[in-house]
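A look at the structure
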Amino acid sequence: KQEVTQIPAALSVPEGENLVLNCSFTDSAIYNLQWFRQDPGKGLTSLLLIQSSQREQTSGRLNASLDKSSGRSTLYIAASQPGDSATYLCAVVTSGSRLTFGEGTQLTVNP
Amino acid sequence: NAGVMQNPRHLVRRRGQEARLRCSPMKGHSHVYWYRQLPEEGLKFMVYLQKENIIDESGMPKERFSAEFPKEGPSILRIQQVVRGDSAAYFCASSLGVLGATDTQYFGPGTRLTVL
């Protein structure tokens, strides 16, 4: 059974700081890994999708890496801004039918 | 192209009542997924449907919960005889096809169910 763990559960940083969110998964037989953003009371926004054959993906100030063999992914956020404050969710696809989510990292960026 | 639509956005029910949650997938998507997010927890898979078929319901409680995706109209998640523990955010997602290396699911805004 696939399990996804995210560390830390919560993170508070001053504006401008670079930060790293961590995600680990127990079953390395994944199709892809995705990072989502969830704002309070809202749905999920897909940030980055890394295919199982890829090592990293970049979008603007975001960079996600994937080490499938060790079951780990990191989301790097450069020059953080208050607007980045949200919960970040990591999820993997190991079968054709579902995403398995971690419990998220709640990020607060203080002005 | 409208995104995934869910209604209602907020639903309040008393214990023992029925809750009916609706989800309209993105245009052209025939795969629908339901997830539940309990307070302070991550999203948990409940059920995966294609038009008129339940493909995987392994995440759905065996009793009181049912889901359908008819040929016409939205997907419905039905919870009978609700209890306080059913209070949660229920998210629907849709995809163009079976999830693979390059496919993603698109999520709706969720329905927040409160059971009094």
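Everything below is about the structure shown above.
Read on for an overview of the structure. (Residues numbered from 1 in each chain as written. Chains lettered and ligands numbered in written order. Predicted model: local features only at pLDDT ≥ 70, side-chain atom pairs only at ≥ 80, totals over all residues. Heavy atoms only, no water.)

Quick look at the sheet that holds strand β7 (residues 65-68) of chain B
Strand pairing within a sheet occurs via backbone hydrogen bonds; the two strands may be parallel or antiparallel. Residue and element names in this part refer to chain B. What counts, and what does not: Strand pairing is assigned whenever DSSP identifies at least 2 bridges connecting the two strands. Starting at the N terminus, helices and strands are each numbered in turn, a helix being any DSSP run of H or I of at least four residues and a strand any DSSP run of E of at least two. Helix axes are fitted to C-alpha atoms over the stretch in contact, other axes to C-alpha atoms as well, and angles between N-to-C directions run from 0 to 180 degrees.
The strand order β1-β3-β8-β7 describes an open sheet built from 4 strands, whose pairing is antiparallel. In this open sheet, the two edge strands, each paired with only one partner strand, are β1 (5-7) and β7. Geometrically, the sheet is characterised by an average inter-axis angle of 15 degrees between neighbouring strands, direction not taken into account. Pairing between strand β3 (residues 19-24) and strand β8 (residues 75-79): 5 bridges, direction antiparallel. Within β8, the position partnered with C23 by the bridge is S75.

Observations regarding the interface of chain A and chain B
Where we set the bar: A contact between two residues is defined here by any heavy atoms of the two lying within 4.5 Å. We define a salt bridge as a contact between a side-chain nitrogen of Lys or Arg and a carboxyl oxygen of Asp or Glu at a distance within 4 Å. Polar contacts, as counted here, are pairs of nitrogen or oxygen atoms within 3.5 Å of one another; within protein the pair requires one atom able to donate a hydrogen and one able to accept it, and residues that are adjacent in sequence qualify only if both atoms are side-chain atoms.
In this assembly, 22 residues from chain A lie in contact with 25 residues from chain B. Run the count over chain A and chain B and you get 1 salt bridge. Taking the shortest distance from any N to any O, the salt bridge between A:R98 and B:D56 comes out at 3.1 Å. The tally of links from chain A across to chain B stands at 7 residue pairs in polar contact (both at pLDDT 80 or more).

Looking at the pattern of salt bridges
Residue and element names in this part refer to chain B. For the structure on display, the rule yields 6 salt bridges over all chains. Across the pair R78 and E18 runs a salt bridge, and its minimum N-O distance is 3.8 Å. With a gap of 60 residues between them, R78 in strand β8 and E18 in the loop between β2 (10-13) and β3 connect regions that are remote in the sequence. When salt bridges that share partners are traced, they join E18, R20 and R78 into one network.

A closer look at the sheet that holds strand β1 (residues 4-7) of chain A
Residues and elements named next belong to chain A. Strand order in the open sheet made by the 5 strands is β1-β3-β8-β7-β6, with antiparallel pairing throughout. Across the chains shown, the open sheet's two edge strands, defined by having one partner strand only, are β1 and β6 (56-59). With direction set aside, neighbouring strand axes in the sheet form an average angle of 15 degrees. As paired elements, β1 and strand β3 (residues 19-25) share 4 bridges and run antiparallel to each other. Paired with Q6 across the bridge in β3 is C23.

Treat this as a map of the structure, not an account of what it does.
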